[in-house]
Amino acid sequence: MDIIFGRNRKEQLEPVRAKVTGKIPAWLQGTLLRNGPGMHTVGESRYNHWFDGLALLHSFTIRDGEIYYRSKYLRSDTYNANIEANRIVVSEFGTMAYPDPCKNIFSKAFTYLSHTIPDFTDNCLINIMKCGEDFYATSETNYIRKINPQTLETLEKVDYRKYVAVNLATSHPHYDEAGNVLNMGTSIVEKGKTKYVIFKIPATVPEGKKQGKSPWKHTEVFCSIPSHSLLSPSYYHSFGVTENYVIFLEQPFRLDILKMATAYIRRMSWASCLAFHREEKTYIHIIDQRTRQPVQTKFYTDAMVVFHHVNAYEEDGCIVFDVIAYEDNSLYQLFYLANLNQNFKENTRLTSVPTLRRFAVPLHADKNAEVGSNLIRVASTTATALKEEDGQVYCQPEFLYEGLELPRVNYAHNGKQYRYVFAAGVQWSPIPTEIIKYDILTKSSLKWREDDCWPAEPLFVPAPGAKDEDDGVILSAIVSTDPQKPPFLLILDAKSFTELARASVDVDMHMDLHGLFIADMDGDAKKQAASEEQRDRASDCHGAPPT
Ligand SMILES: CC1=C(/C=C/C(C)=C/C=C/C(C)=C/C=C/C=C(C)/C=C/C=C(C)/C=C/C2=C(C)C[C@@H](O)CC2(C)C)C(C)(C)CCC1
Ligand SMILES: [Fe+2]
């Protein structure tokens, strides 16, 4: 297990050509860019949790049937400080670091204070986000790092707080058709309030605004939702959208702010300030994107832990949303490196298997409906929403599939009706898994698996002119525990789930978390983009056009 999770990886700075077997579709041209933890010890010091590891970016560039691989550590301020000190000096979610052990009592007191309202890590290890033409490595703190998607170089550090009042933000934003980013974050005890903030970062500087300025400056708050508990906001890793609504689950997996304020002095990690309250409810917030207001009805379900929303859509006056849910927080516990290193078979059993659950929320509940009646009239699901005496609505899910995580869908269907979920299979422990295609309509699945292989998140890339939702390929970077088998990029036909090709590279590849595919533009599109750029530049020189 150590070789999969806890081992430091060597970066591959020079692109290496992969050995391709099978046939890569001619239309598949572009770069698969992914992120994940790659370094778990620095000098003698060790991170506690797999999600703490230093961000290692890697990419597969696919061009004319050939594939080139490279990887590079994100040169975050955190990375640089750690490497310079030859030990971990910046705290991560599961590891509290003490930078100055030899400093005198005064500077020690100062460090305590600065950790009460600390300046956080920019070790952005979770995902890659696209904003306009720029790409960023992201995590869940207020910092993200711009990167060069070709060379994997680290560029400037962006602080969300300059543009919107959040201390935490998700690594799973949504994009609309114009490429505008919709994300959400938590503002912790700002002006005495703890709230969840939904915000939009435009892809380009809005029409009529001064051109040449960064779109970040035009970030706008979409809606704020006060936290149920001032000192104990929910932890969330993603959220859902439909064409007109946003879905936010305020789950009873909460951060204790008072504990966090004293964590540094108590030598406890921030993760230890996170607790699951199984006796509490999960509140389902629905926000109307048109009015930018939450829907007034109070919807809730039982306690659960969700990291990944899969997709959501509107149907017959309802919102249908699908999530991967757990009964407890055992997934987070499982990824402590101490559990993953020794006796993993005994230590790494999940007490709850991730299940795909479908919820349905009625948007226009009939005022005359009887208490106790089911408000869902959608024939395609057995999910229910029961009206209660006090007007609240209790939602119970339909269980669709047991044992899957890291879900992806065809993004053209994001927020819309859809049929297929692509995911990694997970059973009671993280043993070598499979890649799954789950068909929600027929409730059947297709699988790919191979001995000793650990597949990463399967990413769907649509074929040009695709008609069916599954016209395209699945890309997944796979590491193996068999020393004879080098890591490879697997390319599956998304329809049949048969292997089209694999590209093996003899490198020290890490197991990653999330990423995206940047399709190469074809010749004509490239020419057009170049001429648009030229025109923009010319208009920049002559000042903004009159409005
Ligand atoms: C909390 C807080 C703070 C700190 C916040 C910080 C540092 C947050 C960092 C959060 C991070 C790194 C979160 C990471 C989350 C990652 C998640 C949920 C990943 C899930 C991955 C799964 C389920 C993967 C599963 C698998 C893999 C990888 C391989 C497959 O083969 C098998 C399978 C599917 C089991 C501040 C800003 C200091 C102060 C304010 C409050
Ligand atoms: Fe995630």
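Residues numbered from 1 in each chain as written. Chains lettered and ligands numbered in written order. Predicted model: local features only at pLDDT ≥ 70, side-chain atom pairs only at ≥ 80, totals over all residues. Heavy atoms only, no water.

A. Spatial organisation of the environment of glutamate 133. Assignment of secondary structure puts glutamate 133 in the loop between strand E8 (127-131) and strand E9 (134-138). Between the C-alpha atom of glutamate 133 and that of methionine 304, which follows or precedes it by 171 residues, the distance is 37 Å. (Helix = DSSP H or I, 4+ residues; strand = E, 2+ residues; numbered from the N terminus.)

B. Examining the sheet that holds strand E25 (residues 318-326) more closely. With respect to topology, four strands assemble into an open sheet ordered E24-E25-E26-E29, the strand pairing being antiparallel. Since the sheet does not close on itself, it has two edges, and those belong to strand E24 (305-315) and strand E29 (398-402), each with one partner. Averaged over all neighbouring strand pairs, the angle between strand axes comes to 20°, with direction disregarded. Relative to E25, E24 runs antiparallel, the two being bridged by nine bridges. Paired with glutamate 314 across the bridge in E25 is isoleucine 319. (Pairing = 2+ DSSP bridges. Axes fitted to C-alpha atoms, helices over the stretch in contact; angles between N-to-C directions.)

C. Looking closely at the nonpolar core. Counting residues in each nonpolar core, the largest one holds 65 residues, and the members touching the most others are Phe5, Leu28, Ile67, Leu475, Leu489 and Ile491. With sequence-adjacent residues up to four places away left out, leucine 28 is seen in contact with Ile62, Val461, Val473, Leu475, Ile491 and Phe517. Grouped together as the second largest cluster of nonpolar side chains are 26 residues, Leu249, Ile286, Val306 and Cys318 included. (Core = buried A, V, L, I, M, F, W, Y, C linked by side-chain atoms within 4.5 Å. Buried < 20%, exposed > 50% of the residue type's maximum accessible area, 1.4 Å probe, protein only. Contact = heavy atoms within 4.5 Å.)

D. Structural detail: the site of ligand 1. Every one of the 29 residues lining ligand 1 counts as a neighbour, but Phe93, Phe120, Met260, Thr433 and Pro455 are closest to it. The contact in question runs from an oxygen atom of ligand 1 to an N or O atom on the side chain of threonine 433, over 3.2 Å. Between ligand 1 and proline 455 there is a distance of 3.0 Å, counted from an oxygen atom to a backbone nitrogen or oxygen. Of all the secondary structure elements, the ones that give two or more residues to the shell around ligand 1 are strand E30 (404-408) and strand E34 (453-455). A breakdown of the residues in the shell around ligand 1 according to their chemical character gives 22 nonpolar, five polar and two charged. (Near = heavy atom within 4 Å. Polar contact = N/O pair within 3.5 Å; in protein donor to acceptor, adjacent residues only side chain to side chain. Nonpolar A, V, L, I, M, F, W, Y, C, P; charged D, E, K, R; others polar.)

E. Just the sheet that holds E8, in detail. Sheet architecture is open: four strands sit in the order E8-E9-E10-E11, paired in antiparallel fashion. At either end of the open sheet lies a strand with only one pairing partner, and these are E8 and strand E11 (154-159). Adjacent strand axes in the sheet meet at a mean angle of 35°, parallel and antiparallel pairs treated alike. In terms of strand pairing, E8 meets E9 through five bridges, oriented antiparallel. Considered in E9, the bridge of lysine 130 is made with phenylalanine 135.

F. Focus on the UniProt feature "binding site: Fe cation" (unreviewed entry) in the protein. Within this structure's numbering, the places UniProt gives as "binding site: Fe cation" (unreviewed entry) are His172, His237, His308 and His514. A compact arrangement is adopted by the annotated residues: their sequence extent is 343 residues, whereas the largest C-alpha distance between any two is 12.5 Å. The residue histidine 172 is located in the loop between strand E12 (168-169) and strand E13 (174-175) in this model. Its relative accessible area of 15% is what places histidine 172 among the buried residues. When neighbours within four sequence positions are excluded, histidine 172 is seen to be in contact with Asn127, Asn183, His237, Ser238, Phe239, His308 and His514. Structurally, the position occupied by histidine 237 is in the loop between strand E16 (220-226) and strand E17 (240-241). Leave out the neighbours within four places in its chain, and histidine 237 touches Ile126, Glu140, Thr170, Ser171, His172, Phe307, His308 and His514. A distance of 3.1 Å separates the side chain of histidine 237 from the side chain of histidine 172, its partner in a polar contact. (UniProt positions renumbered as here; feature names shortened; annotations may be inferred.)

G. Structural detail: the pattern of salt bridges. Tallied over the full model, the rule gives 31 salt bridges. Linking glutamate 66 and arginine 17 is a salt bridge whose minimum nitrogen-to-oxygen distance equals 3.5 Å. Here arginine 17 lies in strand E1 (residues 16-17) and glutamate 66 lies in strand E7 (residues 66-73), a separation of 49 residues in the sequence. Since its relative accessible area comes to 30%, glutamate 66 is described here as partly exposed. Given the relative accessible area of 56%, arginine 17 is considered exposed. Notably, a salt bridge pairs glutamate 457 with arginine 408, separated by 3.2 Å at the nearest N-O pair. A residue pair is termed long-range when its members are at least 10 positions apart, and glutamate 457 in the loop between E34 and strand E35 (459-462) and arginine 408 in strand E30 qualify at 49 residues. Using a relative accessible area of 24% as the deciding quantity, one classes arginine 408 as partly exposed. Bridged by salt links that share partners, the residues Lys437, Asp468, Asp470, Asp471 and Lys495 form one connected network. (Salt bridge = Lys/Arg side-chain N within 4 Å of Asp/Glu carboxyl O.)

H. Broad picture of the coordination of the iron ion (ligand 2). Taken together, His172 (NE2), His237 (NE2), His308 (NE2) and His514 (NE2) make up the full set of protein donors to the iron ion (ligand 2), lying 2.0 to 2.1 Å away. Metal-centred angles of 94 to 149° between the four donor atoms at the iron ion (ligand 2) mark the site as irregular. In the primary sequence, the donor residues of the iron ion (ligand 2) line up as H-x64-H-x70-H-x205-H. Here histidine 237 lies in the loop between E16 and E17 and histidine 172 lies in the loop between E12 and E13, a separation of 65 residues in the sequence. (Donors = N, O, S within 2.8 Å, 3.2 Å for Na, K, Ca; no water. Tetrahedral: all angles 85-135°; square planar, octahedral: opposite > 155°, others 65-115°.)

I. Just the environment of isoleucine 144, in detail. Along the chain, isoleucine 144 turns up in strand E10 (residues 143-147). By relative accessible area, which is 1% here, isoleucine 144 ends up buried. Measuring from C-alpha to C-alpha, the distance between isoleucine 144 and proline 458 comes to 24 Å, with 314 residues separating the pair along the chain. Once you skip the residues sitting within four places of it in the chain, isoleucine 144 turns out to touch Cys124, Met129, Tyr136, Ala137, Thr138, Glu156, Lys157, Val158, Tyr160 and Trp216.

J. Structural context of helix H2 (residues 77-85). The set of residues buried in H2 consists of Thr78, Tyr79 and Asn82. Angular distribution of buried residues about the axis of H2 spans 100°; they occupy a single face of the element. Packed against the buried residues of H2 are strand E3 (30-39), strand E4 (41-42), strand E6 (54-63) and E7. Positive backbone phi, approximately 55°, marks asparagine 86, located one or two places after H2. (Arc of directions from axis to C-beta.)

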